[in-house]
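Per-entry structural report
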Amino acid sequence: MNVSLEVLINAAKAGKLISFPTDTVPALASIPKQAELIYAAKQRSLDKPLILMAAKAEDLWDYVQGSEIEYQIWQKVVNQYWPGALTLVLPASDKIPTVMNPTNPTTIGIRVPNHQIAQTILAQTGPMATTSVNLSGQPALENRIEIEVNFPEVLTLESTEYKGLGIPSTVVKWTGNNWQILRQGNIKLN
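Residues numbered from 1 in each chain as written. Predicted model: local features only at pLDDT ≥ 70, side-chain atom pairs only at ≥ 80, totals over all residues. Heavy atoms only, no water.

1. Overview of the layout of surface pockets
Counted as a void, the largest pocket has a volume near 680 Å³. What lines the largest pocket is a set of 37 residues, and nearest its centre among them are Arg44, Pro49, Ile51, Thr131 and Arg183. Elements represented by at least two residues in the lining of the largest pocket include exactly strand 4 (51–53), strand 5 (86–91), strand 6 (107–111), strand 7 (128–132), strand 9 (170–174) and strand 10 (179–183). Residue contributions to the lining of the largest pocket peak at four residues, all from strand 6. (1 Å grid on protein atoms, 1.4 Å probe; cavity = no way out; pocket = protein on both sides within 12 Å on 5 of 7 lines; lining within 4 Å. Points joined across faces, edges and corners; volume = space filled by probe spheres on them. Helix = DSSP H or I, 4+ residues; strand = E, 2+ residues; numbered from the N terminus.)

2. Observations concerning the sheet that holds strand 9
A sheet is described by the order of its strands in space; here eight strands give the open sequence 2-3-7-4-6-5-9-10, paired in mixed fashion. A single partner strand is all that each edge strand has here, and the edge strands are strand 2 (18–20) and strand 10. Adjacent strand axes in the sheet meet at a mean angle of 35 degrees, parallel and antiparallel pairs treated alike. Both strand 9 and strand 10 contribute to a ladder of four bridges, which runs antiparallel. (Pairing = 2+ DSSP bridges. Axes fitted to C-alpha atoms, helices over the stretch in contact; angles between N-to-C directions.)

3. Details of the pattern of salt bridges
A full pass over the atoms with the stated rule returns four salt bridges. Between Asp59 and Lys56 there is a salt bridge, with the nearest N and O atoms lying 3.0 Å from each other. By relative accessible area, which is 23% here, Asp59 ends up partly exposed. What makes Lys56 partly exposed here is its relative accessible area of 42%. Measuring nitrogen to oxygen at the nearest pair gives 3.9 Å for the salt bridge that ties Asp62 to Lys95. Remark: Lys95 occurs in the loop between strand 5 and strand 6 and Asp62 occurs in the loop between strand 4 and helix 3 (68–81); sequence separation between them is 33 residues. Residue Asp62 is classed as exposed on the basis of its relative accessible area of 52%. (Salt bridge = Lys/Arg side-chain N within 4 Å of Asp/Glu carboxyl O. Buried < 20%, exposed > 50% of the residue type's maximum accessible area, 1.4 Å probe, protein only.)

Structure (structure tokens):
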């Protein structure tokens, strides 16, 4: 169902599933404590974690934990690549609901998309549990019509172009002293 920006934001805050465009592929999103709705809608296995997406890095730091030196390293990467198509998998703080990463709740992927509409929504909802809009194992849906047909219960934005790059974000995991590439996207870490 496609709705106005205000209706979409209010529905998201109320715990409903929403979709919005990003710089990569459209996001399927819910408030973190309602993340099980994403798993159900996508028929997604619980061993596939979700990403916590926010409008700016400062909104995400409470959800991760590390040493002072690690925060400096992470901030340096964030300053270089965010907003953008880079997801950092970092040690999770106890603020992350287990349902976002049921099989390994000690880590969480975080990202700030380089997309004005996504940032506008996230600035008002706060960090959201996100993933691509598709049935698990299928290609990501890339436009509002496909999303509405396949996920009629998900709220989409009226008259908005949903197409991003079509390439999912690069995902890198902090190993305690370095980055491990879990999925290579457009961004290559130096």
